[in-house]
Amino acid sequence: MALFEEEMDTSPMVSSLLSSLANYSNLPQGSKEHEEAENNEEARKKPVKAPRMGTFMGVYLPCLQNIFGVILFLRLTWVVGIGGVMESFCIVFMCCACTMLTAISMSAIATNGVVPAGGSYYMISRSLGPEFGGAVGLCFYLGTTFAGAMYILGTIEILLTYIVPNAAVFKMDGLEGAEAENAMLNNMRIYGTCVLSCMAVVVFVGVKYVNKLALVFLACVIVSIISIYAGVIKSAFDPPDFPICILGNRTLIWKDFDICAKLVEVGNETVTTKLWRLFCDSPFLNATCDQYFTVNNVTEVQGIPGAASGIITENLWSNYMDKGIILEKKGEESVSSDEGTPSFTKNYVISDMTTFFTLLVGIYFPSVTGIMAGSNRSGDLRDAQKSIPIGTILAISTTSFVYMSSIILFGACIEGVVLRDKFGEAVNGNLVIGTLAWPSPWVIVIGSFFSTCGAGLQSLTGAPRLLQAISRDGIVPFLRVFGHGKANGEPTWALLLTASICEIGILIASLDAVAPILSMFFLMCYMFVNLACALQTLLRTPNWRPRFKYYHWTLSFLGMSLCLSLMFICSWYYAIVAMVIAGCIYKYIEYRGAEKEWGDGIRGISLSAARFALMRLEEGPPHTKNWRPQLLVLVNVDQDQNVKHPQLLSFTNQLKAGKGLTIVGTALEGTYLNNHLQAQRAEQSLRRLMEAEKVKGFCQVVISSNLRDGLSHLIQAGGLGGLKHNTVLVGWPRNWKQAEDHQTWRGFIELVRETTAAHLALLVPKNISAYPSNQERFTEGNIDVWWIVHDGGMLMLLPFLLRQHKVWRKCKMRIFTVAQMDDNSIQMKKDLTIFLYHLRINAEVEVVEMHDSDISAYTYEKTLVMEQRSQILKQMHLTKNEREREIQSITDESRGSIRRKNPANTRIHLTVQDDQAEGSEEKPEEEVQLIHDKNAAPTPASPQSPAEEAETPGEKVHMTWTEKFTGDKNKGKGPSTPEGIKDIFNMKPEWESLNQSNVRRMHTALKLNEVIMKKSQDAKLVLLNMPGPPKNRTGDENYMEFLEVLTEGLNRVLLVRGGGREVITIYS
């Protein structure tokens, strides 16, 4: 192993790693169930015991206990009676199919690696990311909490209705209608609050006792179900005696009478019964009785005719009813009375709610929840990857068989009106499902009571731990307080919150109203489990290797669709509320939550979508309508890797109304092996600054042997595929004159050439330190655009984008253009106004007319200084101080010459002709005019050297400027005459040897700067066409001077070069 001995510190040998890999447990903080020893120092020192539970004890039985619950005992018979056997079977089949498909998806996720005891929250969060995980985890927590409320309400209903009815605080005797209903709800609220408090105390004091009693509660459930099947078998040959009394076809409450008859024979005398006294005003035969009671007969019918009776044919179809309707038996004769509204309604069994198919789905669905019980205990299983799929699917298969068979057996054994009797009032107040049980109804009553108590305790035990797991993951900041607990890890604060939310369900007080609420949250959880499995399968991520092989993305997609459909079938408004809650939690986690990288499927979707989009972008360049500035921002960093001019990123943020790509790049000098740490620090610095300036994009740091090549690499290699930058933003090199060498300005000029060659737009903000920050606001002012040459529309688009930002929003846009010698300036202004109207851009338009005048002495002197300095810097190798002294001496000498030869009161005159100017007026001589070749193409161009003009005459933009000088008052002849020009040349013989191209360019820069200063000196920002550098590189030394003169005296200038394509269009 000598080959690897230097890497042993970072890469240990496999032999030493295998032991830890085999016993790997990636338990997230806070998700270990019960966590008795999480924060106990002594317990930490003890060796962790290996899980001992297998499939049967660890998964199968817990799932059975959680799936079988209050709905089976209290509402399943009623669902069959209202919906009929056929529709009830469809409801049960849909719900069981939903949970089975979810179990298949869950098994695939649970066997794809080690799943800690985090249940569905862990699986969803690690599969779909922290946003989905937190949102659905909290929904699952709310569902579990409301399930606790439902179980407690079921417990109270069993207690007050079937065990000790006399214990009610609000007596219901003699009450009917809304009064009786309110009394019942108030009893549920009082007793529910008391039971909730007791259960919360039990969970707080010792959760281990709850876990020990779980098997006892499960035994009660199993015994109850066995007794039901035993009763069905017995009813086939010996039906139990549970008579019901029918008046006409109306079902009577068997409560205050003992015989189902009006009159009985006692000896030889006919006497009235207790039933008579319920409908008549006296016990005598001549008493005044209810008309319906008088004209209809009383019939006694067996409530449990038995499996061999054929009653199933009457119970096949639905019997939906409105609230307040009396339960009527089909097939019984009834003589209707003349009275409109039935009287003595307190003696009849009445529907307590309006029923319909979707209501039954919402009420029934909680009876199939609880399939996550096995995955919640995965940390305690001997082999979770084997036990979870087998145990969960077997439990669902068992419960599905029980539910489906129960639907058929109830319909075959129990009379229809008894099935529709929710509280068993027609069978002397017995639990309806208990009337079918053998040997006694009390087996079901006691068994259901203890099972609902146990289920409520389990909910109050599991929900706080789920909340604690979410809190300790740290993805929801405001929930962090609930991650704390007692010294042994018990979630005290989470239990308090759970009890408070559970109390909301208790105050609702109706089991039928609470059931659809928790159905929404469970269905949403199951939907995202299916979505997670489908996504992982379709994305084919390398880590997706579940041991459970019997899954397919179509099954997961079907399960997800079924869950979503059931949500809206149960209750569309509850579904919308649940989705809004989940959406709010999702957006909260997205904006305020902690950043978590769990390798989730949403990142995989992002990668796949990005790849697809990039491949689509490769198909061709974007249309002009879709063009937006994709910025590459080039910044400089100091020795500490901090950005020198952060205002560049502020300006970038202000330009990002286009919502395009942003890449912030910088280059470091050196080699990657020696400077990669500095590159990392620079990248972190860029990220911090981007975050501070709210610039959304990417950063890139390149290390190269020299900075020039590094910037070139960024321009060439930035972006990916079709998502590349089309605009380069770089700051103006402020101190280019004082640089120790020529690399600063030479690098800048080469960068301009490279962007032109790459057909990239270039933005160069000058005086960047004067640019506003993102916190500043301009309350007034102008953004001035000087449109000298056509650049594809960049000069029009950039001010529009800037004005979308709050910094520049109140600034007005002005566009200045220059009229050529033979142009009609009035018509130009009209045409430009129409053009801007079609572009949907609001701006003031002004056309500047400039006429020919001679070149001034000042222009010649400035050109001479520039050329002499360039020549000296080329030929002499001086130190920095000597070079500065030499430049200063040349400058002083030139200034002295100008003072001698040029009068002190030299004035520059410029007249701008407005639309109102009369054409017959004679224009003064102090005018300047731009001559633009009429054959010039509408592409960015600049003044060229004479050689270039000869080569490309059709593409040149030739700007010549002349000016008149006024001398002393005693001087009679003006220099604008040929003699005057000759005198000027006689003043300084060196002028004759100057490069005339440089003279013309300097003259152009001076005159254009004078025009801009006159019009735009107070503008908040000036946008100006940026001339291109000379192609032959002989004039590089002078190019920076031309640009400096062009922008001299302006506060904020943005030099713009187009990328050679149209970026703005008048079409929609």
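Residues numbered from 1 in each chain as written. Predicted model: local features only at pLDDT ≥ 70, side-chain atom pairs only at ≥ 80, totals over all residues. Heavy atoms only, no water.

Our working rule: UniProt positions are given in the numbering used here, feature names are shortened, and annotations may be inferred rather than shown by experiment.
The name given to the protein in an unreviewed UniProt entry is Solute carrier family 12 member 5, with Erpetoichthys calabaricus as the source organism. Looking at the Subcellular location (unreviewed entry) heading of the UniProt record, one finds this comment for the protein: "Cell membrane". Within the UniProt record for the protein, the comment given under Catalytic activity (unreviewed entry) is "K(+)(in) + chloride(in) = K(+)(out) + chloride(out)".

Side note on the overall build of the protein
Put simply, the rule is: Secondary structure elements follow DSSP: runs of H or I of four or more residues count as helices, runs of E of two or more count as strands, with numbering from the N terminus. For the accessible areas, the method is Shrake-Rupley and the probe is 1.4 Å, while residue cover comes only from the protein chains on display.
The helix and strand inventory of the protein stands at 33 helices and 15 strands. Carbon and sulfur atoms make up 56% of the accessible area of the protein, which amounts to about 49,800 Å² in all.

Looking at the pattern of salt bridges
For clarity, the threshold we go by: Counted as salt bridges are all cases of a side-chain nitrogen of Lys or Arg within 4 Å of a carboxyl oxygen of Asp or Glu. Three labels apply to residues, based on accessible area from a 1.4 Å probe with only protein chains included: buried if under 20% of the type maximum, exposed if over 50%, partly exposed otherwise in between.
The full count for this structure, using the stated rule, is 15 salt bridges. Lys-323 is the salt-bridge partner of Glu-181, the closest N and O atoms lying 3.2 Å from each other. Of this pair, Glu-181 sits in helix H7 (residues 178-205) while Lys-323 sits in the loop between strand S5 (298-302) and helix H11 (357-364), and the two are 142 residues apart along the sequence. Of the residues examined, Lys-323 reaches a relative accessible area of 48% and is grouped as partly exposed. In this structure, the salt-bridge partner of Lys-587 is Glu-590, at a minimum N-O distance of 2.6 Å. Remark: Glu-590 and Lys-587 occur in helix H20 (residues 572-592); sequence separation between them is three residues, near one turn of the helix. Bridged by salt links that share partners, the residues Arg-75, Glu-157, Asp-352, Lys-422 and Asp-512 form one connected network.

With respect to the sheet that holds S5
Just so we agree on the cut-off: In this analysis, strands are considered paired if DSSP registers two or more bridges between them.
Within the open sheet, the three strands sit side by side as S2-S1-S5. Their pairing is antiparallel. Unpaired on one side and paired on the other, strand S2 (250-251) and S5 mark the two borders of the sheet. The pairing of strand S1 (residues 243-247) with S2 spans two bridges and is classified as antiparallel. Directly across from Ile-246, in S2, lies its bridge partner Thr-251.

As for the pairing of strand S3 (residues 263-266)
Regular strands have side chains that alternate between both faces of the sheet. Here S3 runs beside strand S4 (residues 269-272); their pairing, made up of four bridges, is antiparallel. In the strand pairing of S4, Val-264 is matched with Val-271. As consecutive antiparallel partners, S3 and S4 are separated by two residues, and within that stretch Gly-267 has a phi angle of approximately 70°, a positive value.

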